[in-house]
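Coordinate inspection notes
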Amino acid sequence: MARRARSSSLHAAAAAVVLLLQLLPSPPHAAVAADPPYTCGAGAPPNIPFCDRGLPIDRRVEDLVARMTVEEKISQLGDQSPAIPRLGVPAYKWWSEALHGLSDQGRGIHLAGPLRAATSFPQVILTAASFNPHLWYRIGQVIGVEARAVYNNGQAEGLTFWAPNINVFRDPRWGRGQETPGEDPTMTGKYAAVFVRGVQGYAIAGPVNSTDLEASACCKHFTAYDLENWKGVTRYVFDAQVTAQDLEDTYNPPFKSCVEDGHASGIMCSYNRVNGVPTCADYNLLSKTARQSWGFYGYITSDCDAVSIIHDAQGYAKTAEDAVADVLKAGMDVNCGNYVQQHGASALQQGKITEQDIDRALHNLFAVRMRLGLFNGDPRRNRFGNIGADQVCTPEHQNLALEAAQDGIVLLKNDAGALPLSKSSVASLGVIGFNANDAKRLLGNYFGPPCVTATPLQALQDYVKDTRFAAGCNAAACNVTAIPEAVQVASSVDSVVLFMGLDQDQEREEVDRLDLTLPGQQQSLIESVANAAKKPVILVLLCGGPVDVSFAKTNPKIGAILWAGYPGEAGGLAIAQVLFGEHNPGGRLPVTWYPQDFTKVPMTDMRMRADPATGYPGRTYRFYKGPTVFDFGYGLSYSKYSHSFVASGTKPPKMSDIAGLKAMTTAAGAGAAAMYDVEAMGTEACERLKFPALVRVENHGPMDGKHPVLLFLRWPNATDGSGRPARQLIGFRSLHLRAAQTAHVEFEVSPCKHFSRASEDGRKVIDQGSHFVMVGEDEFEMSFMA
């Protein structure tokens, strides 16, 4: 909370929750709907090893699988796994969703009983804009708690959730970019790790108890998946041509972090092919990379019907049985859909798979169910058994949804102090736009029924009694307008706020955009209203992907621009609080906002790096060479902040003191004198190279605020043909600073991790010479020289 005093901040938060509860009552917390499904409870046969909690999980799984018939085994390889009554094994549904709160859009969660809602957080792209890992972790924690509460209440048939989506937001037109933490692989990997840890019941950092899951998180879509349907090219048939260099430093790092740092218990392979091979049929990707190299411990699921398209749409497999064999031998464990269940027996009969292939998959599947405690008797009597219906939609959880919306909102323009508005000077308020009075549009996609909702219009009516509304357009498409009505409202009030942007008809799963401008007649509506208003208007954009609003950025009659993503159940109130200065905006853009001209670049071109010879501009702030509307990391505040390195606390190592550096392998690099292979350096040398970077941050006022501190690495010669990024985010932290307060934040800099780049063959190398570490306008140089 960013108020002038910490206590008043907490007061405001409590009052906000009360307001939300007044606007729409919370769902009742009724008695248990039914017994949750489980096995190995009272009445189970004695001395059954798979029910013996004293045995290692691997031993228990081996015993269970050995007791199953071949038919029973094959039946378990779909997302709807039927019961095995003779063994006391209940049915299980693998597909549940929890992207930004529990959703009933999968098969396993049922919010139609006594529990009818769950806390609905902002869509991920907005939460990411806070650059606050502790916030992301707490959201994961709430989702894990509410998931277990729903299960204990007998309203779930599974505890495996297919979230988070951690594909890098490579192209601004991607319809599912809204689901991701943005375009930076380091930031996306950090989001993946802490969110997964929160959902699974782990601490935010440190060792984990991998045998004890509160709920199971699944990182998707592995890998290089970021196209839905662009000019007739669909995700089902798209063959992503990706270099080893781009796989190593852009597409795969978030998944590596999800596994190694987050200890995720699930991975989903994607629909697309990568360099000709369907990801769900890629042994190198699923088994060698994820399991062997990264140490993945969990199950791998296909995306829904992805196994069938390997044969039906892609033609990669000649027969259905070949498709089943391809995925099981690659390392996939469960098929979303029934294709493997339908064709598994014939694949076995034809000798294309063995029973051992099936057993391998079953081992991973039942191990996860046992780690969830579902083979330990009644889950209400075990570790997470005290999580009941009263822990869903609590005031604390709803307050966290409000905090997430507040902290993500990004102030993009604020000319002449157009914001914040003052209650005392705004006697009448015009609220204009199709996005102002539709609660569903606040939620993005993959949402469940929220605990409470308040539209921006409802929230603003609480601030200004004389608030007048005009939709102006029928929807984001804005092909049916009522501009004269909107103009009349604008000309009759003291201040005007427009709520424009996109909606789920414009961007969602299976829908990519063709343009980056606001759709239909939106620009005409905005400009007409701005010309009619008594003073510069405020433009609030609700959208996941970036939009080219250059016209609004340069128009003096548009005084301020806010980006509010899809802000979730508390988004209406959060926006109102920012507009009226009860919260100081501190969000930063997690994606580059490109001009409309970028749409000339084929969405199917997966290259990250620019190619001057062909005019290809590259992608994301790391490699893009072209004009922007707003940059990655951009965001204004009602306060002024300064940053500087503290020399006494920033201590790069003396290279001459690091034993073993002279033994590092060197090789000629394009435009570089030498580069050093990180793997050849070894763990000990890399540990000794780590050093602290201490940053002094000051809030010069006039308001308290949350402020993200972003630490970047810059190379002096990013255009020399070496493939270096222009900049690279290497650390970030969110601080709460009172007006006039100074604080220090320390980052650990690891040259092996942060100074390295991917060579063309995918090796991690460190270039000899200068490396600049930057924060704000300040930077220092470290010369990497043996």
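Looking at an unreviewed UniProt entry, the chain carries the name Fibronectin type III-like domain-containing protein, with the source organism given as Urochloa decumbens. In its Subcellular location (unreviewed entry) section, the UniProt record describing the chain reads: "Secreted". Per UniProt, the chain has the following entry under Sequence similarities (unreviewed entry): "Belongs to the glycosyl hydrolase 3 family."

Here's the deal with the sheet that holds strand 27 (residues 769-775)
One open sheet holds the four strands; their spatial order is 23-22-27-28, and the pairing between them is antiparallel. Looking at the sheet topology across the chains shown, the edges are occupied by strand 23 (727-737) and strand 28 (778-784). For this sheet, the mean inter-axis angle between neighbouring strands, taken without regard to orientation, is 20°. Taken together, the 10 bridges between strand 22 (residues 705-714) and strand 23 define a ladder with antiparallel strand orientation. Bridged to Arg-714 within strand 23 is Arg-727.

Describing the sheet that holds strand 7 (residues 239-240)
Pairing within the open sheet is mixed, and its three strands lie in the order 7-9-10. One side of each edge strand has no neighbouring strand; the edge strands of this open sheet are strand 7 and strand 10 (277-278). Two elements, strand 7 and strand 9 (residues 273-274), share two bridges in a ladder whose sense is parallel. Counterpart to Ala-240 in the pairing with strand 9 is Val-274.

What to know about unusual backbone geometry
The linkage connecting Phe-222 with the following residue, Thr-223, adopts the cis geometry, with an omega of 10°. With omega at 0°, the peptide bond leading from Leu-419 into Pro-420 counts as cis. Examined against the element boundaries, Pro-420 turns out to sit in the loop between strand 12 (410-414) and strand 13 (428-432). The backbone of Cys-40 sits at a positive phi, close to 65°, despite the residue not being glycine. Among the residues examined, Cys-40 registers a relative accessible area of 14% and is labelled buried. The phi torsion at Ala-740 lies on the positive side, around 75°, for a residue other than glycine. Turning to its location among the elements, Ala-740 is positioned in the loop between strand 23 and strand 24 (742-749).

Remarks on the side chain of Glu-183
Here Glu-183 lies in the loop between strand 3 (160-161) and helix 6 (185-200). The side chain of Glu-183 sits in the buried core without any salt bridge; Arg-727 is the nearest counter-charge, 7.4 Å away. A polar contact is formed between the side chain of Glu-183 and the backbone nitrogen of Thr-592, at a distance of 2.8 Å. Other than its neighbours up to four places away in sequence, Glu-183 contacts Val-168, Phe-169, Pro-590, Val-591, Thr-592, Tyr-594, Thr-620, Tyr-621 and Phe-632.

Basis of the calculations
Residues numbered from 1 in each chain as written. Predicted model: local features only at pLDDT ≥ 70, side-chain atom pairs only at ≥ 80, totals over all residues. Heavy atoms only, no water. UniProt positions renumbered as here; feature names shortened; annotations may be inferred. Pairing = 2+ DSSP bridges. Helix = DSSP H or I, 4+ residues; strand = E, 2+ residues; numbered from the N terminus. Axes fitted to C-alpha atoms, helices over the stretch in contact; angles between N-to-C directions. Buried < 20%, exposed > 50% of the residue type's maximum accessible area, 1.4 Å probe, protein only. Lys, Arg positive; Asp, Glu negative; His and termini not counted. Salt bridge = Lys/Arg side-chain N within 4 Å of Asp/Glu carboxyl O. Polar contact = N/O pair within 3.5 Å; in protein donor to acceptor, adjacent residues only side chain to side chain. Contact = heavy atoms within 4.5 Å.

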